[in-house]
Amino acid sequence: MSVVLSYASKNIAIIACDGRIIDAKNNIIKEDYKKYVKVNDHVILGYAGELAPCECVSNLLTNPKNIAYIQTLSYEDIYNFVIKYCSTFPPNTRYGFILLGIGKGHRIAVAYIIPNKSCPITYITGDTINYQGLYPAELNDEDVFKKYLHTQNPIEAISSTIKYCADRSPSVNDRVYCDYIRLDPA
């Protein structure tokens, strides 16, 4: 699994990832792959794990034939779609999704979706900061992003976290891809 990170505060949601894709035998397939998609003007989906199921969800949500419909979907609609679609995956499928955007009440929302875990939507209020990470198995027990987030601004923390992961996992490189959604003041 690669690394995908998210940062959300009351005004901004940031998604970032490295660029490496490996196969089941740990052979490097690509070094410049962006592991997130901007679904519509108010939702970004990041993903890691087995590429085929992750890309299937991503492609369904960015299909040009359905773009007019996709643009009308709310954050909650997309969240429910991803949860429902993931329930069709075979039991041992490795995947992880982080969904960021503007949810109900015109608030920044974040949710992570991984196998066999409850994945509630968190709506950011006040000075709350929410950060999530999907990490390779060899780093899953570390809260690496938190370590850097407390000492740097979010973008620097993201870059430092991805570099740290790249130094410790063959499934991660040090390329940083990043996008965001900003909440316009009401």
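Structure: above.
Let me sum up the structure you'll find in this document. (Residues numbered from 1 in each chain as written. Predicted model: local features only at pLDDT ≥ 70, side-chain atom pairs only at ≥ 80, totals over all residues. Heavy atoms only, no water.)

### A closer look at unusual backbone geometry
And then number 1: The backbone of N26 shows a phi angle near 65 degrees, a positive value even though the residue is not glycine.
And then number 2: Relative to the assigned elements, N26 resides in the loop between β3 (21-22) and β4 (28-30).
And then number 3: On the accessibility criterion, N26 (54% relative accessible area) is exposed.
And then number 4: Positive phi is not limited to glycine here, since N116 has a value of about 60 degrees.
And then number 5: Structurally, N116 is set in the loop between β8 (107-113) and β9 (122-123). (Helix = DSSP H or I, 4+ residues; strand = E, 2+ residues; numbered from the N terminus. Buried < 20%, exposed > 50% of the residue type's maximum accessible area, 1.4 Å probe, protein only.)

### Remarks on the layout of surface pockets
And then number 1: The computed volume of the second largest pocket comes to approximately 330 Å³.
And then number 2: Taken together, 17 residues line the second largest pocket, and the ones lying closest to its centre are I22, D23, G49, E50 and L51.
And then number 3: The element that contributes the greatest number of residues to the lining of the second largest pocket is strand β6 (residues 43-49), accounting for three residues.
And then number 4: A breakdown of the residues in the lining of the second largest pocket according to their chemical character gives nine nonpolar, three polar and five charged. (1 Å grid on protein atoms, 1.4 Å probe; cavity = no way out; pocket = protein on both sides within 12 Å on 5 of 7 lines; lining within 4 Å. Points joined across faces, edges and corners; volume = space filled by probe spheres on them. Nonpolar A, V, L, I, M, F, W, Y, C, P; charged D, E, K, R; others polar.)

### Considering the packing of helix α1 (residues 51-62) against helix α3 (residues 75-86)
And then number 1: One way to put it is that α1 packs onto α3 with a least axis distance of 11 Å and a crossing angle of 145 degrees. Considering only the axes of α1 and α3, their crossing is right-handed. Seen from α1, the contacting residues are C56, V57, L60 and L61; seen from α3, they are I78, F81, V82 and Y85.
And then number 2: Of the residues in the contact of α1 with α3, the class split is eight nonpolar, no polar and no charged. (Axes fitted to C-alpha atoms, helices over the stretch in contact; angles between N-to-C directions. Left-handed = near helix turned anticlockwise from the far one by under 90°. Contact = heavy atoms within 4.5 Å.)

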